[in-house]
Amino acid sequence: MGSQEVLGQAARLASSGLLLQVLFRLITFVLNAFILRFLSKEIVGIVNVRLTLLYSTTTFLAREAFRRACLSGGAQRDWSQTLNLLWLTVPLGIFWSSCLGWVWLQLLEVPDPDVVPYYGTGVLFFGLSAVVELLGEPFWVLAQAHMFVKLKVLAESMSVILRSVLTALLVLWLPHWGLYIFSLAQLLYTTVLVLCYAIYLIQLLRSPESAKQLTLPVSRVTQLLPSISRSRAFVNWKEARLTWSFFKQSFLKQILTEGVYDIVNNLGSLVARLIFQPVEESFYLFFAKVLEREKDASLQKQDDVAVAAAVLESLLKLALLTGLTMTVFGFAYSQLALDIYGGAMLSSGSGPVLMRCYCLYVLLLAINGVTECFTFAAMSKEEVDRYNFTMLALSSSFLVLSYLLTSWCGSVGFIMANCFNMGIRITQSLSFIHHYFRESSHRPLAGLRLSPVLLGVFVLSAGITSVSEAFLCCERGWPARLAHVAVGTICLGVTLGTAFLTETKLIHFLRTQLGRSRLSDKMT
């Protein structure tokens, strides 16, 4: 498979991921509005914050390293060893689910059972659902590595919709079940998700006439299961060592960067979750397929290096423009967004300051997502270990800085410390990228430079919208608020128009990839 074809399929994955995220957020928004009419906000809060964190942390720690390592192997790998390695996520998930479940029940404050009944059952079921989802990890990686885009869309859409339907029905009919409702719905979600991947691949292997079957590295259903052979090792130890390196990195990342407070986090990170996460996941797969680990740019196929450099430059530009737009307009519209979302209780306190700081964090988050996307796909095991050592060495300074800044300026200090941490990670990744392309003629870091005209428009928009906020928002009634929105809309339109005229290389990249994505959809 050529690099251009891989690029087209990665673009399809990214666009489908973006559409799925929009769909899921809309469903979640509507569902939460419905649920709050029947259940207390304490129950919904426990589910959305504490139980969801248990589930996401378990799956992240159990599978993230395996995904990164196993998606970056070459076409000539022994897939039976890779699948054996992936099945190890299940016992690892049981371990993390048990440990974290104990922490959630014994170390964290247990909610009042009269207010939030069945909390222990909720912890048990959410931990169990994480383990169930890990049963599908070998199928997910196999499908992702071969870019089965429609399977991803079908599986995730069906599981989310069924979970939402079950939740709504149980809330309507049996609201006194409390956390039982969300526990059963979460278990249904993971079960359907795993079954979709498993059934699809099993049917594919049983259909010899299927063209897609020819692309799979396995020919029988039994080859999807763990297998032991006397002629070879149970796992590819090079892949296993790379997994261990990525695990140490994931563990540090989870501890050092998780969590920026409730509502501000949910609102501020919405753009990051909608855009950056699908792009990062899809193009990590692209870089991992196109580039070979442990070789710098001068030792790779030069056509592949040229494509990778062009894609990286465009992604950096896209991340920079998206993050800057979020930061510039977020500063002037944070108070209005919080006022609409939660009224004066949120907009009159420290919420707007938190939101503005978080807008800056989103900019750094965007750039870091792209730089680490490339870095982790191209790093050798030894370089990953050195990166982990640097993160570990900086962790103490991060914790000290978090303590000092939080003591000095409260929650804002924690976001500032996260910005510092993210800046250090970006610096490390930029250093790696510069070194990687040093001997080549490609300079993808040029994607972090803006034209002076566009930069001037960003500065002008920031000044105009700040003045508009000072005079029109938010105590002067809805006419003034709408005028403030109109000012921002005009400034945003001018900014996007200037970007369209000045960033021609990025516009060409987006048009090319979106056109190729639509053409591929018509042909499949």
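See the structure printed just above.
Residues numbered from 1 in each chain as written. Predicted model: local features only at pLDDT ≥ 70, side-chain atom pairs only at ≥ 80, totals over all residues. Heavy atoms only, no water.

Quick word on the overall build of the protein
Looking only at helices and strands, one finds 19 helices and zero strands in the protein. Among the 524 residues that make up the protein, the fraction classed as buried is 52%. For the protein, restricting intrachain contacts to residue pairs at least 6 apart in sequence, the fraction spanning at least 24 positions comes to 82%. Looking at the protein as shown, the accessible area adds up to about 24500 Å², and 68% of this sits on carbon and sulfur atoms. (Helix = DSSP H or I, 4+ residues; strand = E, 2+ residues; numbered from the N terminus. Buried < 20%, exposed > 50% of the residue type's maximum accessible area, 1.4 Å probe, protein only. Contact = heavy atoms within 4.5 Å. Areas by Shrake-Rupley, 256 points an atom, 1.4 Å probe, with all protein chains shown as cover.)

Points about unusual backbone geometry
Despite not being glycine, Y118 shows a phi value in the positive range, around 65 degrees. Looking at the element boundaries, Y118 is found in the loop between α4 (89-107) and α5 (119-134). We classify Y118 as partly exposed; its relative accessible area is 36%.

As for the environment of W177
Within the secondary structure, W177 sits in the loop between α7 (149-173) and α8 (179-205). Overall, W177 belongs to the partly exposed group, its relative accessible area being 29%. Distance in space between the C-alpha atoms of W177 and L39 is 9.8 Å, their sequence separation being 138 residues. W177 has contacts with Y118, L170 and L184, leaving out every residue within four places of it along the chain.

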